[in-house]
Amino acid sequence: YSQSKKKIKKMKCTVIAILASTAAAFSSLKAPASKISTTKLNAFEDALGAQPPLGFFDPLGLVADGNSKNFERLRFVELKHGRVAMLAVLGQTVCEAGIRLPGKISFDGPAFADIPNGFSAVSAIPSGGLIQLFGFIGFLELFVMKDITGGEFVGDFRNGFIDYGWDKFDEETKLQKRAIELNNGRAAMAGILALMVHEKLGVSLWPN
């Protein structure tokens with residue numbers, strides 16, 4: 001019992017550390033006025049994602065200097081992580097519901113239906129499959145999921161190829177949809193973290 005209690009305490013500390021390190025993703029702890037001008041402090045208060053109840057939230061002061069390039073880089077990272085996290089939560093949900101592809105994962109490997117959910121899936125997938133997965137992810141990272149032609153905003157990966165009617169929206173609708181994506185990504189990052197931590201603790205968050 002004492003070892004289990006120590007393990008839970010250790011995991012809680014880990015979660016707190018991770019949340020603290022990613023706090024800037026929610027987009028400033030105000031530094032003393034003698035060091036940073038009011039203009040710098042207010043540089044991003046009206047930026048997309050700065051909304052109630054937190055407003056512009058940067059407790060670590062990562063963009064307190066008003067550096068717009070640094071802010072755009074952090075926003076790019078936040079969007080990318082949010083998108084990956086949304087896919088991760090969706091994947092967890094689909095697999096937990098028992099939905100699997102038909103057939104086998106390889107000619108001599110297990111069936112897709114026999115691949116477990118969560119961390120256990122990594123050891124169940126044949127090494128060749130893992131190489132293909134990481135190779136595909138690397139291909140997307142290097143050649144697809146990036147702004148090549150100069151997007152309309154940070155995180156715009158259309159590159160003049162995929163539109164789905166985006167250019168038909170007015171500016172207010174575009175901002176609304178971008179804010180929805182940003183907030184859903186933030187929620188998904190917290191969600192997948194909670195699922196991972198509880199899986200390691202042996203406490204399922206899924207309903208029976």
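Residues numbered from 1 in each chain as written. Predicted model: local features only at pLDDT ≥ 70, side-chain atom pairs only at ≥ 80, totals over all residues. Heavy atoms only, no water.

Another aspect to go through is the overall build of the protein chain. Looking only at helices and strands, the protein chain features six helices and zero strands. Across the protein chain, helices and strands are ordered from the amino to the carboxyl terminus as α-α-α-α-α-α. Counting all 208 residues of the protein chain, 23% fall into the buried class. When the accessible surface of the protein chain is summed, it comes to about 14400 Å², and 64% of that surface belongs to carbon and sulfur atoms. (Helix = DSSP H or I, 4+ residues; strand = E, 2+ residues; numbered from the N terminus. Buried < 20%, exposed > 50% of the residue type's maximum accessible area, 1.4 Å probe, protein only. Areas by Shrake-Rupley, 256 points an atom, 1.4 Å probe, with all protein chains shown as cover.)

Mapped onto the elements of the fold, Arg-186 is located in helix 6 (residues 171-201). A distance of 2.6 Å separates polar atoms of two side chains, one belonging to Arg-186 and the other to Glu-78. (Polar contact = N/O pair within 3.5 Å; in protein donor to acceptor, adjacent residues only side chain to side chain.)

What follows deals with the confidence of the model for the protein chain. Residue-level pLDDT values for the protein chain average 81, and 79% of them are 70 or greater. Helix 6 holds the highest mean pLDDT among the elements of the protein chain, 94, whereas helix 1 (residues 2-21) holds the lowest, 55. (pLDDT = per-residue confidence, 0-100.)

Moving on, we come to a nonpolar patch on the surface. Nonpolar side chains collect at one region of the surface, where Phe-136, Phe-139, Leu-142, Phe-143, Val-144 and Met-145 lie side by side and expose about 580 Å² of accessible area between them. Checked against the element boundaries, Met-145 lands in the loop between helix 5 (127-144) and helix 6. (Patch = residues over 30% accessible without salt bridge, like charges linked within 9 Å, V, L, I, M, F, W, Y side chains within 5 Å. Salt bridge = Lys/Arg side-chain N within 4 Å of Asp/Glu carboxyl O.)

Turning our attention to the nonpolar core. With five residues, the main nonpolar core is built from Phe-44, Ala-47, Phe-56, Val-63 and Phe-71. Sequence-distant contacts of Phe-44, that is, excluding residues within four places in its chain, are made with Ala-50, Phe-56, Val-63, Gly-66, Asn-67, Ser-68 and Phe-71. (Core = buried A, V, L, I, M, F, W, Y, C linked by side-chain atoms within 4.5 Å. Contact = heavy atoms within 4.5 Å.)

Moving on: the side chain of Gln-92. The topology assignment puts Gln-92 in helix 3 (residues 68-96). Among the residues examined, Gln-92 registers a relative accessible area of 12% and is labelled buried. Leave out the neighbours within four places in its chain, and Gln-92 touches Asn-117, Gly-118, Ile-192, Leu-195, Glu-199 and Trp-206.

All right, on to helix 6 then. Along its 31 residues, helix 6 runs 45 Å from first to last C-alpha, staying within 8% of the 45 Å computed at 1.5 Å per residue. All buried positions along helix 6 are accounted for by Lys-174, Ala-179, Leu-182, Gly-185, Arg-186, Ala-188, Ile-192, Leu-193, Leu-195 and Val-197. Between the side-chain oxygen of the N-cap and the backbone nitrogen of Glu-172 there are 3.2 Å, and the N-cap of helix 6 in question is Asp-170. One or two residues past the end of helix 6 sits Gly-202, with phi positive at roughly 80°. (Expected span 1.5 Å × (residues − 1).)

Before going further, it helps to spend a moment on the packing of helix 3 against helix 6. Pairs of packed helices are described in terms of their axes, by the angle between the two and the distance that separates them. Viewed as axis vectors pointing N to C, helix 3 and helix 6 meet at an angle of 55°, and their least axial separation amounts to 7 Å. By the criterion of interaxial angle, the relationship of helix 3 to helix 6 is oblique. Once helix 3 is placed against helix 6, the crossing between them reads as left-handed. Here helix 3 contributes Arg-75, Glu-78, Leu-79, His-81, Gly-82, Arg-83, Ala-85, Met-86, Ala-88, Val-89 and Gln-92 to the contact with helix 6, which in turn contributes Glu-181, Leu-182, Asn-184, Gly-185, Arg-186, Ala-188, Met-189, Gly-191, Ile-192, Leu-195 and Glu-199. (Axes fitted to C-alpha atoms, helices over the stretch in contact; angles between N-to-C directions. Parallel < 35°, antiparallel > 145°, perpendicular 65-115°, else oblique. Left-handed = near helix turned anticlockwise from the far one by under 90°.)

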